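Given next are the chains, with one letter for each unit.
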Amino acid sequence: PSIFNTVPVAPPDAILGLNTQYRSDPSPNKVNLGVGAYRTAEGQPYVLPVVRRVEQALANDPTTTHEYLPQDGLKQFCDLSANLILGPDSPALVDNRSVTVQALSGTGALRVGFTFVARFLSSETAVYIPKPSWSNHKNVVVQSGLPPTREYRYFDYGTGAVDMEGMIEDLKAAPAGSMVLLHGCAHNPTGADPTHEQWEQVLKVVQEGKLVPFFDNAYQGFASGSLQMDAWSVRRFVKAGLDMMVGQSYAKNMGLYGERVGALTVISSEGGNNEGIRSQLKAIIRAMYSNPPKHGAMVAARILGDTEMFAEWMREKLRGALVRIGTPGNWDHIVNQIGMFSFTGLTAAQVEFMKDKYHIYMTSNGRISMAGLTDDTVEYVAEAMKDAVV
Ligand code: PMP
């Protein structure tokens with residue numbers, strides 16, 4: 001008998017499993033509200049024209065090669081990424097107390113970051129994630145060698161806003177040295193973000209409790225439409241002079257999903273050990289996948305580093321996408337929530353009903369992706385929702 005026959009089947013991923021079910025549904029009316037990728041009004045994948053243009057230029061450039069990148073990635077891409085999230089005048093950059101490495105998109109930034117935490121802070125470090133959060137956070141933390149995640153209250157299902165009292169209370173109870181995972185903007189799955197004033201309160205508890213923030217930024221530019229505004233939370237915490245970590249993804253804001261383009265930045269409150277930090281991040285990467293892919297980082301670096309292309313990117317993606325996303329829905333609570341996802345308030349049973357009767361797929365917590373709605377399907381989905389709740 002094969003030694004592999006005893007391998008048990010893993011539970012399906014909450015989000016990716018849904019896509020599999022959707023693909024095998026033969027109904028012509030099927031709608032997938034679980035997708036985490038932006039689509040055209042007709043529901044088709046979309047490549048930004050500026051991305052296409054850079055790719056064509058790279059393809060035609062005889063100096064383009066497929067040589068390996070160093071373990072920590074393309075330097076120019078890392079510098080530009082740090083600028084994008086921290087701001088060019090960031091005290092962390094000015095004081096030279098940050099280290100940025102290229103990562104395999106947002107997930108890879110978390111995975112390398114938490115492995116670093118497990119190895120060099122303490123393998124017993126408690127990691128607090130919001131309740132609810134992106135379903136993969138808990139997996140990444142555990143696979144990085146840390147204990148199971150703990151949760152802090154985040155969302156008030158009654159008001160549809162952040163449960164500030166609960167959040168503060170839970171973070172106050174966290175032991176000193178714990179990591180706190182924070183969504184920098186456009187919280188997934190609730191679409192509810194703290195206000196600036198509320199971020200100040202969070203910062204205060206984090207400082208007083210000696211907690212270590214890890215900001216996950218998968219949607220910079222998608223909450224407000226402004227890259228600067230969406231970096232406010234991260235920049236505010238950096239200004240406070242904390243030890244902290246920051247993950248970035250270009251999956252959504254450049255539409256580079258499958259190219260796996262992201263970055264991890266470690267910021268130290270004092271500085272002085274960039275060499276130690278960088279060398280250990282490189283050692284982790286070396287054993288994990290040796291070095292990151294080149295193509296997407298080249299594309300992103302060209303766009304980020306060129307004033308004209310940068311402006312074009314902003315025009316095409318950020319404004320355009322927000323308008324597109326705004327188009328289908330007139331449901332107030334959905335319009336008021338931000339980012340890609342929205343909580344409908346549907347129960348798990350209603351979600352099942354939508355799937356069985358209407359072939360409409362969404363995660364069991366009632367989260368829908370605005371990217372899954374098109375001009376053609378919005379009425380159908382609305383009718384089905386009505387049928388599910390009455
Ligand atoms: N963090 C959050 C909150 C996300 O929603 C996502 C993507 N859905 C990610 C990280 C990671 O995405 P990627 O690895 O594709 O950048």
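Everything quoted here is computed from the prediction, not taken from an experiment. Every chain begins its residue count from 1, and numbering advances along the sequence as written. At least 70 in pLDDT is required for a residue's local features to be given in this predicted model, at least 80 for side-chain atom pairs to be given and counted, and no such filter applies to totals for whole chains, interfaces and linings, which use all residues.

A. Quick look at the environment of Thr195. Structurally, Thr195 can be placed in the loop between β7 (179–183) and α8 (196–208). The class for Thr195 is exposed, based on 11 C-beta atoms found within 10 Å. Residues Thr195 and Val162, spaced 33 residues apart in sequence, show a C-alpha to C-alpha distance of 9.1 Å. Only runs of H or I of at least four residues qualify as helices and only runs of E of at least two qualify as strands under DSSP, and these elements are numbered from the N terminus. Each residue is classed by its C-beta neighbour count within 10 Å, where at least 20 other C-beta atoms makes it buried, 12 or fewer makes it exposed, and intermediate counts make it partly exposed; the C-beta atoms are placed from backbone geometry.

B. How the structure looks around the sheet that holds strand β9 (residues 244–249). At least two DSSP bridges between two strands are required for those strands to pair. Reading across the sheet, the 7 strands line up as β2-β10-β9-β8-β7-β3-β4 and stay open at both edges, with mixed pairing between neighbours. Every other strand in the sheet has two partners, leaving β2 (98–103) and β4 (150–153) as the edge strands with one partner each. Looking at each pair of strands side by side, their axes are set apart by 25° on average, direction ignored. For β2 and strand β10 (residues 262–267), the ladder comprises 6 bridges, and the chain directions are antiparallel. Looking at the pairing, Val99 lines up with Val266 of β10. Each axis is a line fitted through C-alpha atoms, and for a helix only the stretch in contact is used; angles between axes span 0 to 180 degrees, taken between their N-to-C directions.

C. Examining the site of the ligand more closely. Residues are classed as near a molecule or strand if the C-beta position derived from their backbone is within 6 Å of it. Taken together, 13 residues surround the ligand, and among them Ser105, Gly106, Thr107, Ala218 and Ser249 come closest. Counting residues per element, the shell around the ligand draws most heavily on helix α5 (residues 105–120), which supplies 3 residues. Residue type decides the class: Asp, Glu, Lys and Arg count as charged, Ala, Val, Leu, Ile, Met, Phe, Trp, Tyr, Cys and Pro as nonpolar, and the leftover types, Gly among them, as polar. Residue composition of the shell around the ligand, by class: 4 nonpolar, 8 polar and 1 charged.

D. Quick look at the pairing of β4. Across 4 bridges, the pairing between strand β3 (residues 127–131) and β4 is parallel. Residue pairing in the sheet places Lys131 in a bridge with Arg153 of β4. Here, the term right-handed applies to a crossover whose path from the first strand over the helix to the second runs clockwise when the strands point away from the viewer. Crossover handedness for the path β3 to helix α6 (residues 137–143) to β4: right-handed.

E. Structural context of the pairing of β10. Burial analysis of β10 places 6 of its 6 residues in the buried class, the great majority of the element. Where burial is concerned, the two faces of β10 agree: the one with Gly262, Leu264 and Val266 and the one with Ala263, Thr265 and Ile267 are both buried. Note: β9 against β10, 6 bridges, orientation antiparallel. Considered in β10, the bridge of Met245 is made with Val266.

These figures capture arrangement, not role.
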